[in-house]
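# Structural characterization, general
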Amino acid sequence: MHYSDFGLSNTKTLLNRALRGSYAVPAFNFYNMETLNAILTAAEITQSPVILAVSESALKYMSDDILMGLVRGAKYKKNQIALHLDHGHSFEICKHAIDLGFSSVMFDGSSLPLHENIKISQKTADYAHKFNVSIETELGMLAGFEDKNTNSTESAFTNPDIVYDFVKQTKTDSLAISIGTSHGAYKRKNKNESLRFDILKQIAENIPNTPLVLHGASTIPQKYVKNINKFGGDIKNAYGISPAQIRKAISMHIAKVNFDSDLRLAFTSAVREYLSKNKTDFNPRDYLSHAQNEMTKHCITTIQNIMGSGFKI
Ligand code: G3H
Ligand code: 13P
Ligand code: ZN
């Protein structure tokens, strides 16, 4: 089936609208019914567009049938919700997601030699565009944990001098860039580290019509880290990107911002607190719904305080 049959939107439409409106669309990762419901509830309450992101490993975790059962069963506000493959590392996995009914795919060739990245990005774009599916590609490389396939300790900033040719040759609809963010909960050694806005400025000048994407943007709310540790966890030295820096990046052409770690922290914090305060309760529906509610609250805060994407229609 095609994504439009489920009521989902083309990601490119959402991102181009965001670029014109000087806000950004959040891409929130999900991996089960509760996390999907949390994101959709936040989108509904804030009337914000959102991108439902599924990583390769989340797709394996859910299985095609269960994922598409959930996707088919949900209701979507018109022109607001997209389903996106996050960090597809091969043409084959991107094709598979398109064939399942995703409305966009990311081909992540950031760890490949440039000519390989261009070749597979082009091939994926050609296939995607046949079905009016949009494609995100990546230039430069983020440090940290990227899906099961990439775990780099070094980051390589995006070279602004090659973005124009890359976009032209690949026909990509959006471009993920590396300007100092990283995946996971351990992004910052100190709070004063800044993103490379000088690089972002040059990229935006060179490709003003291409929506730019910021991965690894979680803010790592310290209230969740503290709560997890208070109720039995052990997470040390975890710091994220400040909301102010993300807002500044959005004002400079970032049109899609990816969050996964923050949502995991919100969920885990709620589960740990609930179980430790309700020692006789062993009904998973109780603590999972509690965690879903906390994740919804966090997505609403992100949309309202960082993205500026609420009430845009
Ligand atoms: O950027 C990648 C996501 O955080 C995916 O993580 O492979 O554990 O789902 P995952
Ligand atoms: P975080 O680990 O910062 O949430 O990044 C998520 C991401 O980039 C998913 O693609
Ligand atoms: Zn990412």
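On a predicted model such as this, the values are computed, not experimentally measured, just so you know. (Residues numbered from 1 in each chain as written. Chains lettered and ligands numbered in written order. Predicted model: local features only at pLDDT ≥ 70, side-chain atom pairs only at ≥ 80, totals over all residues. Heavy atoms only, no water.)

We now examine the packing of aromatic side chains. Evaluation of the coordinates by the stated rule reveals three aromatic pairs. Seen from their ring centres, F91 and Y127 are 6.0 Å apart, and the 85 degrees between their planes marks the pair as edge-to-face. Pair noted here: F91 is in helix α6 (residues 91-100) and Y127 is in helix α7 (residues 114-130), with a separation of 36 residues, a long-range link. The same class applies to F91 and to Y127, which are both buried. Ring centres of Y127 and F131 lie 5.0 Å apart, and the angle between their planes is 55 degrees; on these two criteria the pair is classed as tilted. Exposure remark for Y127: the relative accessible area of 13% places this residue in the buried category. Taking relative accessible area as the criterion, F131 reaches 34% and is therefore assigned partly exposed. Each residue in the set F91, Y127 and F131 is aromatic and connected to the rest through ring pairs, giving one cluster. The ring of F91 is capped by K123, whose NZ or CZ atom sits 4.4 Å from the centre of that ring. In this arrangement the basic side chain of K248 is found over the ring face of F197, its NZ or CZ atom lying 4.3 Å from the centre. (Phe/Tyr/Trp six-rings, centres within 6.5 Å; stacked < 30°, edge-to-face > 60°. Helix = DSSP H or I, 4+ residues; strand = E, 2+ residues; numbered from the N terminus. Buried < 20%, exposed > 50% of the residue type's maximum accessible area, 1.4 Å probe, protein only. Lys NZ or Arg CZ within 6 Å of the ring centre and 35° of its normal.)

Spatially, β1-β2-β3-β4-β5-β8-β9-β10 is the arrangement adopted by the eight strands of the closed barrel, whose pairing is parallel. When the angles between neighbouring strand axes are averaged without regard to direction, this sheet yields 25 degrees. Most of the contacts of α7 go to strand β5 (residues 134-139), to which it runs at about 170 degrees, and overall it touches β4 (104-107) and β5. Each of β9 (212-214) and β10 (254-259) is contacted by helix α11 (residues 243-250), which is oriented at about 145 degrees to β10, the strand it contacts most. (Pairing = 2+ DSSP bridges. Axes fitted to C-alpha atoms, helices over the stretch in contact; angles between N-to-C directions. Contact = heavy atoms within 4.5 Å.)

On to the side chain of S174, then. Structurally, the position occupied by S174 is in strand β8 (residues 174-177). Residue contacts for S174: discarding those within four places in its chain leaves L15, I135, E136, T137, T210, P211 and V213.

Surveying the vicinity of ligand 1 reveals eight residues, the closest of which are S55, S57, H183, D260 and R264. S55 is positioned with one of its side-chain polar atoms (N or O) 2.7 Å from an oxygen atom of ligand 1. A distance of 2.7 Å separates an oxygen atom of ligand 1 from a polar atom in the side chain of D260. Contact with the protein chains removes 87% of the 310 Å² of surface that ligand 1 exposes when unbound. Looking at the shell around ligand 1 residue by residue, the class counts come to no nonpolar, four polar and four charged. (Near = heavy atom within 4 Å. Polar contact = N/O pair within 3.5 Å; in protein donor to acceptor, adjacent residues only side chain to side chain. Areas by Shrake-Rupley, 256 points an atom, 1.4 Å probe, with all protein chains shown as cover. Nonpolar A, V, L, I, M, F, W, Y, C, P; charged D, E, K, R; others polar.)

Now for the coordination of the zinc ion (ligand 3). Donor atoms from the polypeptide that bind the zinc ion (ligand 3) are H87 (NE2), H183 (NE2) and H215 (ND1), placed at 2.1 Å. Going along the chain, you hit the donors of the zinc ion (ligand 3) in the pattern H-x95-H-x31-H. Pair noted here: H87 is in strand β3 (residues 81-88) and H215 is in the loop between β9 and α10 (222-230), with a separation of 128 residues, a long-range link. For H87, a relative accessible area of 4% puts it in the buried group. (Donors = N, O, S within 2.8 Å, 3.2 Å for Na, K, Ca; no water.)

Further remarks concern the pairing of strand β2 (residues 50-55). Summarising burial for β2: six of the six residues are buried, a large majority. Covered by surrounding structure in β2 are V50, L52 and V54 together with I51, A53 and S55, the residues of both alternating faces. Where strand β1 (residues 25-29) and β2 come together, three bridges link them in parallel fashion. Its bridge partner being in β2, F28 is matched across the sheet by L52. Read as a crossover between parallel neighbours, the route from β1 over helix α3 (residues 33-46) to β2 is right-handed. As paired strands, β2 and β3 are joined by six bridges and run parallel to one another. (Right-handed = clockwise from strand over helix to strand, strands pointing away.)

Attention now goes to α6. All buried positions along α6 are accounted for by F91, I93, C94, A97, I98 and L100. Buried-residue contacts for α6 involve α1 (3-6), α4 (56-62), α5 (64-73), β3, β4 and α7. G101 sits one or two positions beyond α6 and adopts a positive phi of about 120 degrees.

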